[in-house]
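The primary structure of each chain is shown beneath.
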Amino acid sequence: QVQLVESGGGLVQAGGSLRLSCAYSGPYSGRTFSNYAMGWFRQAPGKEREFVSVISGSVGGIYYADSVNGRFATSRDNAKNTAYLRVNGLNPEDTAVYYCAAALRTWGPSEPYSDPQWYNYWGQGTQVTVSS
């Protein structure tokens, strides 16, 4: 079955940056990773899971949550079966567990990318902690 493994989280000072990675694996990973849109969500203590970004499988479509205000950037390397989230200008409000998610969905302007129910698979999460 599909597995997603996040890495790259850690403790960072306010204003710092991190690059989070999400490695995909599965029985047909060589030909299926590019079929999945890859989303990033985060969940802070006491808060609901929050949409961060999504990138389409192979056509270059990207959407970001308004809340990230241009500070985050998502990308992917299909040859490496890996999706990325660069997080810049971090502040303590960004402290959360960051999750990647894969969606076997048709890409289009009306798709509910910010809805967790749109995604089929989830990683275990990686902790990002930002100190002031």
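Relevant structure appears above.
What comes next concerns the included structure. (Residues numbered from 1 in each chain as written. Predicted model: local features only at pLDDT ≥ 70, side-chain atom pairs only at ≥ 80, totals over all residues. Heavy atoms only, no water.)

Description of the pairing of strand S9 (residues 96-103)
Two faces, one strand: in a regular strand the side chains alternate between the faces of the sheet. Test applied: In this scheme, a residue with accessible area under 20% of its type's maximum is buried, one over 50% is exposed, and one in between is partly exposed, where area comes from a 1.4 Å probe on protein chains only. Runs of H or I in DSSP of at least four residues are treated as helices and runs of E of at least two as strands, each being numbered from the N terminus. Strands were regarded as paired on the criterion that DSSP finds at least two bridges between them.
In terms of residue burial, S9 counts as a mostly covered element, since seven of its eight residues are buried. In this sheet, S9 lies alongside strand S4 (residues 37-43) in antiparallel orientation, the contact comprising seven bridges. Across the sheet, Trp40 pairs through a bridge with Cys100, a residue of S9. Taken together, the three bridges between S9 and strand S11 (residues 126-131) define a ladder with antiparallel strand orientation. Bridge pairing links Val97 to Gln127 in S11.

Here we look at the environment of Pro27
Considering the arrangement of structural elements, one finds Pro27 in the loop between strand S3 (18-25) and helix H1 (29-32). Distance in space between the C-alpha atoms of Pro27 and Gln1 is 6.6 Å, their sequence separation being 26 residues.

Let's talk about the pattern of salt bridges
Using the following cut-off: By definition here, a salt bridge exists when the distance from a side-chain nitrogen of Lys or Arg to a carboxyl oxygen of Asp or Glu is within 4 Å.
A complete count under the given rule lists three salt bridges for this structure. Its salt-bridge partner being Arg42, residue Asp94 comes within 2.8 Å of it at the nearest N-O pair. With a gap of 52 residues between them, Asp94 in the loop between strand S8 (82-87) and S9 and Arg42 in strand S4 connect regions that are remote in the sequence. You'll find Asp94 and Arg42 in the same group, each marked buried.

Observations regarding the pairing of S8
With five of six residues buried, S8 is to be regarded as a mostly interior element. One ladder, built from six bridges, connects S3 with S8; its direction is antiparallel. Bridge pairing links Leu18 to Val87 in S8. Across six bridges, strand S7 (residues 72-77) lies against S8 in antiparallel orientation. Looking at the pairing, Phe72 lines up with Val87 of S8. Connecting S7 to the antiparallel partner S8 that follows it, the hairpin turn spans four residues, and Asn81 within it adopts a positive phi of roughly 55°.

Description of the packing of aromatic side chains
Operational definition: Two rings from Phe, Tyr or Trp (for Trp, the six-membered ring) form a pair when their centres sit within 6.5 Å of each other. Planes less than 30 degrees apart are called stacked, planes more than 60 degrees apart edge-to-face, and all others tilted.
Going through the model one piece at a time under the given rule, you end up with 12 aromatic pairs. Geometrically, the ring pair formed by Phe41 and Tyr119 is edge-to-face, given 5.2 Å between the ring centres and 85° between the ring planes. Of this pair, Phe41 sits in strand S4 while Tyr119 is found in the loop between S9 and strand S10 (121-122), placing the two residues 78 residues apart along the sequence. For the pair Phe41 and Tyr119, one class covers both residues: buried. Aromatic pair Tyr63 and Tyr113: ring centres 5.0 Å apart, planes at 20°, arrangement stacked. In this pair, Tyr63 is assigned in strand S6 (residues 62-64) and Tyr113 in the loop between S9 and S10, connecting sequence segments 50 residues apart. Take Tyr63: its relative accessible area is 36%, and that puts it in the partly exposed class. Among the aromatic residues, those joined into a ring-pair cluster are Phe41, Phe51, Tyr63, Trp107, Tyr113, Trp118, Tyr119 and Trp122.

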